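# Reading the structure
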Amino acid sequence: KQPGEMVMVLKQAALAPTGKLSADPSVLSVSVGSDTNERFVLCHLASGKCEQWAIDLGFGPDEEVNFHLTGKCAVHLTGFYEMDDDSDDEDEMDSEEEEMARMQGEAMEEDEDEESGEEEEGEEE
């Protein structure tokens, strides 16, 4: 992945407000990659029952994404593109890990200081 590439985020699927309405559900599914035979159902939409469905699903810039629709009603998808910030997350995790290691190191030093202080007190008696 190259930093600065766009990620697609799917937020909602809804039956089209115009067009042919059917009692039969429209099934929206997605396949990722070149194998379009492996599909994952996102939602079943039916007029008068479930006309829209909230989704929060992101697809990386290197993924080949295909949407599939079965049924007689058209479906509209909404969402957005955003910058791929995986590299920022990794930097934040590295910083957090470094901070944790530093804090653990300080705690270990304090424990060692306390232990050596106890030994010195015991020697005085």
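See the structure shown above.
Residues numbered from 1 in each chain as written. Predicted model: local features only at pLDDT ≥ 70, side-chain atom pairs only at ≥ 80, totals over all residues. Heavy atoms only, no water.

What follows covers the nonpolar core. Counting 12 residues, the largest nonpolar core is built from Leu10, Ala13, Leu15, Leu28, Val30, Leu42, Cys43, Leu45, Ile55, Phe59, Cys73 and Val75. Looking at this core, the elements with two or more residues in it are strand 1 (6–15), strand 2 (26–32), strand 3 (40–45) and strand 4 (52–59). Every residue in contact with Leu10, bar those within four places of it in the chain, is listed here: Leu42, Ile55, Asp56, Leu57, Phe59, Phe67, Leu77, Thr78 and Gly79. (Core = buried A, V, L, I, M, F, W, Y, C linked by side-chain atoms within 4.5 Å. Buried < 20%, exposed > 50% of the residue type's maximum accessible area, 1.4 Å probe, protein only. Helix = DSSP H or I, 4+ residues; strand = E, 2+ residues; numbered from the N terminus. Contact = heavy atoms within 4.5 Å.)

A few words now on the sheet that holds strand 5 (residues 65–70). Strand order in the open sheet made by the three strands is 3-2-5, with antiparallel pairing throughout. Looking at which strands have only one partner, the edges of the open sheet turn out to be strand 3 and strand 5. For this sheet the average axis-to-axis angle between neighbouring strands, irrespective of direction, equals 20°. As judged from the five bridges shared by strand 2 and strand 3, these two strands associate in the antiparallel manner. Following the sheet pairing, Val30 is matched in strand 3 by Phe40. (Pairing = 2+ DSSP bridges. Axes fitted to C-alpha atoms, helices over the stretch in contact; angles between N-to-C directions.)

This part covers the pairing of strand 1. Direction of pairing for strand 1 relative to strand 6 (residues 75–83): antiparallel, over a ladder of nine bridges. Looking at the pairing, Met6 lines up with Met83 of strand 6. Here strand 1 runs beside strand 4; their pairing, made up of six bridges, is antiparallel. Residue pairing in the sheet places Gln12 in a bridge with Ala54 of strand 4.

Next up on the list: the sheet that holds strand 4. Judged by pairing direction, the sheet is antiparallel, and its three strands sit side by side in the order 4-1-6 without closing on themselves. Looking along the sheet, the strands with just one partner apiece sit at the ends: strand 4 and strand 6. This sheet shows a mean twist of 15° between the axes of neighbouring strands, independent of strand direction.

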